Amino acid sequence: MKKIITLILALTMLLGATLTLASCNQGGEIYVQTNAYFAPFEYFDGTEIVGVDVEIMEKVGDKMGKDIVWTHGDFGIIIDTVAEGKTADCGAAGITITPERADKVDFSKPYYTSIQYVILPADSDVATKTAGGVTYVVWEALEGKTVATQTDTTGWIYADAEIDCEGGVLYGTENTKHEAVDSADVASESLGSTIDVIIVDQLPAQYIVENSSKDFVCYPLYYTGKDGEPDAAVEEQYAIAVTKGNTELLDAINEVLDELLVKDENGQTEIEKMVMAHMGMN
Amino acid sequence: MDFFKDIGVLVTNEKYMGMLFEGLGTTLLISVFAALLGLLIGTLVAIVGIAQDSPIMKLPKLICKIYVTIIRGTPMALQLFIMAYTIFAIRGFPKEITAIIAFGINSGAYVSENIRAGILSVDIGQTEAGRALGLNGRTTLIKIVIPQAIKNVIPAIGNELIALIKETSIVSMIGMYDLTQAAKIIGAGNNMASYVVPMTVAACFYLAIVYLLTFVIKIIERRLRASDKR
Amino acid sequence: MISVKNIIKTFEDGVTVLKGVDCHIEKGEVVAIIGPSGSGKSTLLRCMNLLSVPTFGEVWLKDKLLNPVDPYLHTEVIEASNTYKKLVAGGMDGADAIVKIKKEDLLNEKFSAAEGKEYKAILKKLYKDNHIDINVARQKMGMVFQHFNLFNNLTVLDNLTLAPVELKLKSKEEAEKNAMALLKRIGLEDKANVYPSTLSGGQKQRIAIVRALAMDPDVMLFDEPTSALDPEMVGEVLDLMKQLAAEGMTMVIVTHEMGFAREVADKIVFIDEGIIKEQGTPDEIFNHPKDPRLQDFLSKVL
C-alpha cells in the first residue's frame, strides 16, 4: 500500500515537472491547430502531419524565425481554440471564410478557391448537366439520395443549409444526410452501397477519385440559375484563421501567401503546384 | 478474399505495424497511469464516503458525492473534451497528461463505488477486534479492513480497468496518437484507403491486451486468496 | 478494576437494552454475567470498553473515566446548572430539586453551555481530571468475541503481534518472542504461520484469547466465548479460561455455560430486561436464588 502511494506521488511529481517545463517553453513557437484528415491540405504520413497548409506554415515559421507546432484535433474545435488563443495561434486546415467564423477570428487573404464537388460511383443514376464544356451536377439532381459530408467542413455546412434549413433547395424532400469523420473513409467503405453521394471540396474529391481502387467519378456541384441566369458553381475560399489581434502573425502569413500566389510563366501559382504535388499529380 | 489479403498486407508492412505499436504505447501509457490515479482517487473518495458522519466530514462528503454524481452522470467523451479544451487549454501542455487526468478522474468515480462496497463487505467484527485491541480507526482500516476489502474488489476493479483500456480509444478525438488513431491514419486515403482492415487489426490489439490483463488479474486474485486456503 | 455507573443504552432504533446498570468488578475477580438472550448482557460487556457507547452513565477503568461525564451522577454538577438554580429560586428544596432533575431528565442540553458557564466549567474540569483516551484504556482491556474475529488477512503470528508492534508497546522481535511463548502455552506454536481460515473453531478462539493476552491486559472481557463452537471444542477453550482465572486474571465473562460459571466465577451477575436483578456468589445465585425471574431462568437452563 505504502509502495503504491509512493509510486503515485512520484509520478505526480514527474508530471508536475513536465508541466512546468512545458509551460515555460513559450514564445519560440507558433501553435497551429488543424484536422489532418483533409488531403492534400493536411494529412498524416505515418505519424507526421504533412500537406499544403503545412508547407505554407513552415514558410511563415521561417520568415518569423519560429518553430511550427502542429496540433491535430476535431475540425469543429479549430475556430474555438484559435479564437481563445490559449492553445493555438492560428488554424490551418483548408478553412472556408464564413461571416460567422470571421466574427470570431481574423482571416488571412484567401489562398485557394475550392469548388464543392460531388463524388459518385461511375454507375450512379444521378443526372449530370453540361454547359460551356463543363459537366456538373445541380442540387436538384440529388433529391432522394443519401448524402454524406465530413462533419464541420464546408460541404457539411452547404448540405445542412440546402437539405435541413427552410428555403434550402432540397428542403422537405426525401434526403438522408450522413455525417462522417473522414470523407475518404466513407468513399472507400460505403459509397455505392449505403451512401449515394459525397459532397466534398474539389481537391479532396479529385484526390479520392484518383486514389480509390473503386470506380468513382466526381463533378462540380452547381446551383441552378434563377430567372434565366446561368447555373453557378458552389464556391468557397480557403484562408488561415488567426487569433484576433495577432497582427504580427497575420501579416507574416499574408506576406508568405503573396509570394506563393505569384503566377509563373505557365500561369500557375506556387500553391497550385503544391496542391498538385501532394495529390501525386505532377 | 480481399479482406484477408489486406490484413496480410497490413501486418507485414513494417511502417503500418510500427504506427500501430506506437499508438499501442500511448494507449497503454494512458491506461496504466489513469488506472493508478483512479485507484488513488477511488480509495480516498471511498474512505471519505464510509467515514462516520461528523461536522468536519460534512464538506468532504458533499464534495465526493457531487464528484461521483457528475462523473458518472456525464459521458466520458465530453469530460475529456472539456478537460482538453477548457481546463488544460495551456499551450504545449502534454496531451498525455490531460488524458491521464481525465481518465483517472473518471475511473476514480467508478472505482470508489467498488471500493466502498468492498470495505462494507468486510465483517464488522474485524473492525471491532482491531479497535478492542486499542488500535485507532485509521490503523484498523489500513492494516485490517482495506487488505481484506482489496481482495473483495479485485474482480470489480479488474472489470473497470478493462473498460478503461477500451474507453481510451476516444483520445483520438482530441488528436492524440493512440491505437485507434493509428488505425484511422492507416485507413486514410493516402495510406490503405480502407478503415475496416486497420480497425480490425487494432481491435485484435485491444483484445490481446484485455486478455493478458484478465490473466494477470486472475493470478493476483489467486495470490490474495492465500489467506483463504492453504 | 471496572466500574459501570447507571448505564443506560438506547440504540438508534429507540430500543433501550440497558435501563440503569451499576456494576463493580474488583481486581483479580472473575465475574460471570448470565441471563436470558436479549437481556442486555452482551451490551453491558461491550459498554465496558465502549464498543457500545452508553447513552447515559459512566464507565471507569481503575480511577479513569472512559466516556464523557454524566452530569446526573454528580450532585455538584447539577447544583451548578441553570435548571437547578431556577427550581431553587422557585422555592423548591435543594435535595428535592436534585431528585426531580434526575428523575425527569431535566438537563436539556447536558453537554452544552445551555446550562450556564459555571455548569460547563465544572463539567469540563471533571472530564479533564479523570478522562483517559479510550484507545489507551483498551490496550489494558482484552476482549474475546463470540465469533473469534481473528484478522483473516494476517497469519496467526501476525494476529498476535500486530497490535503490540503498531502501538509501539514492544519491538517486533520482542512481540514475536512473546507471541511464540503464548502459542506454545496453548500448544499451537506449529500454527504460527498459517492463516486463520485453516483453523478449527476451538483453535481460533484460543488464539483469540492469547491475542488479547499478548497486550498484557489488566482485565479480560469474554463475550459468549463458547457459543459459536462445536460442543467437542468447548472444553479446550474453557480449560484455557480456567487457567487464566487460576493465575489471578481479572475476568468478566458473558456466558451460557452455567457449570463453568459456577466453578470458576467469584461473582455471578444475573441480568434481565436491561437491569441487574440479582448478584452474588455462585452459591447464593445457584443454590439460593431469591429473584423469581432468576429462579425461572435457572429452572430452564440447569
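Since the model is a prediction, treat every value here as computed from it, not as a measurement.

## A few points about the overall build of chain A
Each helix and strand counted, chain A has nine helices and 16 strands in total. Residue burial in chain A is summarised as follows: out of 282 residues, 50% are buried. Pairs at least 24 residues apart make up 72% of the contacts formed inside chain A by residues separated by at least 6 positions. For chain A, the accessible area works out to roughly 13,000 Å², and carbon and sulfur atoms hold 50% of it.

## Overview of the pattern of salt bridges
All names here are of chain C. A full pass over the atoms with the stated rule returns 25 salt bridges over all chains. The salt bridge involving E247 is made with R185; its shortest N-O contact spans 2.7 Å. With E247 in the loop between α10 (231–246) and β8 (250–254) and R185 in helix α8 (residues 172–185), this residue pair connects regions lying 62 residues apart in the sequence. Given a relative accessible area of 54%, E247 falls into the exposed group. Residue R185 is classed as partly exposed on the basis of its relative accessible area, which comes to 32%.

## Observations regarding the sheet that holds strand β2 (residues 16–25) of chain C
Residue and element names in this part refer to chain C. Here we have four strands laid out as an open sheet, ordered β2-β1-β4-β5, and antiparallel in their pairing. Two strands close off the open sheet at either side, each with one partner strand: β2 and β5 (64–65). Sheet topology places strand β1 (residues 2–10) next to β2; seven bridges connect them, and they run antiparallel. The residue of β2 that forms the bridge with I2 is I25. Sitting on the sheet, helix α1 (residues 41–48) touches β1, β2 and β4 (56–61), and the angle it makes with β2 is about 60°.

## Focus: the confidence of the model for chain A
A residue-level look at chain A finds 88% of positions with pLDDT of 70 or above and a mean pLDDT of 83. Predicted confidence in chain A is weakest over helix α1 (residues 2–24) of chain A, with a mean pLDDT of 59, and strongest over strand β7 (residues 106–107) of chain A, with 95.

## Digging into the interface of chain A and chain B
Counting residues at the interface gives 35 residues for chain A, matched by 33 residues for chain B. Together chain A and chain B conceal approximately 3,000 Å² of surface at their shared face, both sides included; 66% is due to carbon and sulfur atoms. Counting every contact that joins chain A to chain B gives one salt bridge. Among the salt bridges present, the one from A:D45 reaches B:K15, with a minimum N-O distance of 3.4 Å. The interface formed by chain A and chain B holds three residue pairs in polar contact (both at pLDDT 80 or more) in total.

## So, the packing of aromatic side chains
Given two aromatic rings, their pairing is described by the distance between the two centres and the angle made by the two planes. Residues and elements named next belong to chain A. This model, assessed by the stated rule, comprises 16 aromatic pairs over all chains. Taking 5.0 Å as the distance between ring centres and 85° as the angle between the ring planes, the aromatic pair formed by F41 and Y238 counts as edge-to-face. Note that F41 is positioned in the loop between β2 (37–38) and β3 (42–45) and Y238 in strand β16 (residues 235–242), a separation of 197 residues in sequence. Neither residue differs from the other here; F41 and Y238 are each classed as buried.

## Topic: α10(C)
All names here are of chain C. For α10, which comprises 16 residues, the first-to-last C-alpha distance of 23 Å matches the rise-based estimate of 22 Å (1.5 Å per residue) to within 8%. Among the residues of α10, those classed as buried are M233, V234, V237, L238, L240, M241, L244 and A245. Within α10, the buried residues cover an arc of 155° as seen down the axis, which keeps them to one side. In α10, the exposed positions angled more than 90 degrees off the buried face are occupied by E232 and A246.

## Observations regarding the environment of A:V137
Inspection of the secondary structure assignment puts A:V137 in strand β10 (residues 134–138). Judged by its relative accessible area of 0%, A:V137 is buried.

## Looking at the arrangement of the chains
Here the protein chains form two pairs of chains in contact, of which the pair with the most contacts is chains A and B. There is no contact between chain A and chain C; across them, the least C-alpha separation is 14 Å.

## Side note on the sheet that holds β8(C)
Residue and element names in this part refer to chain C. With mixed pairing, the six strands of this open sheet are ordered in space as β6-β7-β8-β3-β9-β10. The sheet terminates laterally at β6 (141–144) and β10 (275–280), the two strands that pair on one side only. In this sheet, neighbouring strand axes are inclined to one another by 15° on average, regardless of whether the strands run parallel or antiparallel. Relative to strand β7 (residues 219–223), β6 runs parallel, the two being bridged by four bridges. Pairing of M141 across the sheet is with V219, part of β7. Sheet contacts for α1: β3 (30–34), β6, β7, β8 and β9 (267–272); angle to β7, the most-contacted strand, approximately 150°. Each of β3, β7 and β8 touches α10; the most contacted strand, β8, lies at about 145° to it.

Parameters at a glance
- Residues numbered from 1 in each chain as written.
- Chains lettered and ligands numbered in written order.
- Predicted model: local features only at pLDDT ≥ 70, side-chain atom pairs only at ≥ 80, totals over all residues.
- Heavy atoms only, no water.
- Helix = DSSP H or I, 4+ residues; strand = E, 2+ residues; numbered from the N terminus.
- Buried < 20%, exposed > 50% of the residue type's maximum accessible area, 1.4 Å probe, protein only.
- Contact = heavy atoms within 4.5 Å.
- Areas by Shrake-Rupley, 256 points an atom, 1.4 Å probe, with all protein chains shown as cover.
- Salt bridge = Lys/Arg side-chain N within 4 Å of Asp/Glu carboxyl O.
- Pairing = 2+ DSSP bridges.
- Axes fitted to C-alpha atoms, helices over the stretch in contact; angles between N-to-C directions.
- pLDDT = per-residue confidence, 0-100.
- Buried area = accessible area lost by both parts, 1.4 Å probe.
- Polar contact = N/O pair within 3.5 Å; in protein donor to acceptor, adjacent residues only side chain to side chain.
- Phe/Tyr/Trp six-rings, centres within 6.5 Å; stacked < 30°, edge-to-face > 60°.
- Expected span 1.5 Å × (residues − 1).
- Arc of directions from axis to C-beta.

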